[in-house]
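Remarks on the overall topology
Listed here are the chains, written in short residue letters.
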Amino acid sequence: MAVAGRITDAVEHFFRWASSRTSGGNAYDGFGPALQAALRDSAPALLGERRGGTGAYLTPELIGKVECPVTCLLGDLTNPVLAGGTDRIVGVLPQAELVPIAGAGHALPFDQPEKFAAAVRAACRPREESPR
């Protein structure tokens with residue numbers, strides 16, 4: 001679609017796919033008109049970012065150089081293609097903590113805002129103080 005000059009259609013299709021839930025539906029269609037318009041307006045930047053790649057060049061050796069604590073939030077309804085990236089990081093980094101968010105797809109802050117905020121707050125605490 002983007003190649004054919006239908007950038008807005010391409011961006012909407014991408015956001016519907018990326019925010020799709022394994023239980024059906026997607027977060028994008030629930031966004032208000034103002035947020036949808038802002039996302040459509042970001043089409044050139046989004047397409048430029050996508051052309052940069054998906055991070056496949058990040059080898060386990062490169063990822064493994066991360067030494068700081070890592071918390072990966074993952075909605076339990078996330079598209080398996082997107083969830084695979086999280087699985088990859090958690091599999092390479094022994095210090096990575098996977099925090100599942102029930103009832104959320106890839107658009108965690110929109111699907112489950114309270115659970116998302118609580119998980120971010122917990123991740124920002126020093127590990128020894130974290131209630132998880």
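First things first, this report covers the structure right here in the doc. (Residues numbered from 1 in each chain as written. Predicted model: local features only at pLDDT ≥ 70, side-chain atom pairs only at ≥ 80, totals over all residues. Heavy atoms only, no water.)

**Quick notes on the overall build of the protein**
Of regular secondary structure, the protein possesses 7 helices and 2 strands. The long-range share in the protein, meaning contacts at least 24 apart out of those at least 6 apart in sequence, stands at 63%. Here the protein displays about 8000 Å² of accessible surface, and carbon together with sulfur accounts for 60% of that area. (Helix = DSSP H or I, 4+ residues; strand = E, 2+ residues; numbered from the N terminus. Contact = heavy atoms within 4.5 Å. Areas by Shrake-Rupley, 256 points an atom, 1.4 Å probe, with all protein chains shown as cover.)

**Structural notes on the pairing of strand β2 (residues 96–101)**
Across 6 bridges, strand β1 (residues 70–75) lies against β2 in parallel orientation. Residue pairing in the sheet places threonine 71 in a bridge with glutamate 97 of β2. One crossover worth recording links β1 to the parallel β2 by way of helix α5 (residues 80–92), and it is right-handed. (Pairing = 2+ DSSP bridges. Right-handed = clockwise from strand over helix to strand, strands pointing away.)

**Quick look at the packing of aromatic side chains**
By the definition in use, this model includes 5 aromatic pairs. Residues phenylalanine 14 and phenylalanine 15 carry aromatic rings whose centres are separated by 5.7 Å and whose planes lie at 65 degrees to one another, so their mutual orientation is edge-to-face. For phenylalanine 15, a relative accessible area of 15% translates into the label buried. A ring pair is formed by phenylalanine 31 and phenylalanine 110, whose centres lie 4.5 Å apart and whose planes are at 50 degrees; its orientation type is tilted. Linking phenylalanine 31 in the loop between α1 (7–18) and α2 (33–41) with phenylalanine 110 in helix α6 (residues 108–111), this pair joins segments that are 79 residues apart in sequence. Pairwise contacts between aromatic rings join Phe14, Phe15, Trp17, Tyr28, Phe31 and Phe110 into one cluster. (Phe/Tyr/Trp six-rings, centres within 6.5 Å; stacked < 30°, edge-to-face > 60°. Buried < 20%, exposed > 50% of the residue type's maximum accessible area, 1.4 Å probe, protein only.)

**Section: the nonpolar core**
Generally speaking, soluble globular proteins have nonpolar side chains that are buried together. Core analysis: the largest hydrophobic core is formed by 10 residues, namely Val11, Phe15, Ala27, Tyr28, Phe31, Leu39, Ala43, Leu46, Leu47 and Ala107. At the level of elements, α1 and α3 (43–51) are the ones that each hand at least two residues to this core. Looking at this core, the element that brings in the most residues is α3, giving 3 residues. If near-sequence neighbours (up to four positions away) are discounted, alanine 43 is found in contact with Ile7 and Val11. (Core = buried A, V, L, I, M, F, W, Y, C linked by side-chain atoms within 4.5 Å.)

**Details of the side chain of threonine 86**
The residue threonine 86 is located in helix α5 in this model. What makes threonine 86 buried here is its relative accessible area of 13%. If sequence neighbours within four positions are ignored, threonine 86 has contacts with Cys72, Leu74 and Leu98.

**Here's the deal with the environment of leucine 82**
For leucine 82, the position within the fold is in helix α5. The residues contacting leucine 82, other than those within four sequence positions of it, are Trp17, Ala18 and His106.

**So, the pattern of salt bridges**
Applying the stated rule across the entire model yields 4 salt bridges. Of the charged contacts in the structure, one is a salt bridge between arginine 21 and aspartate 111, with a shortest N-O distance of 2.7 Å. Taken together, the residues span a long stretch of sequence, with arginine 21 in the loop between α1 and α2 and aspartate 111 in helix α6 at a distance of 90 residues. The class of arginine 21 is partly exposed, set by a relative accessible area of 24%. Among the ionic contacts, a cluster of salt bridges with common partners joins Glu12, Arg16, Asp29 and Arg40. (Salt bridge = Lys/Arg side-chain N within 4 Å of Asp/Glu carboxyl O.)

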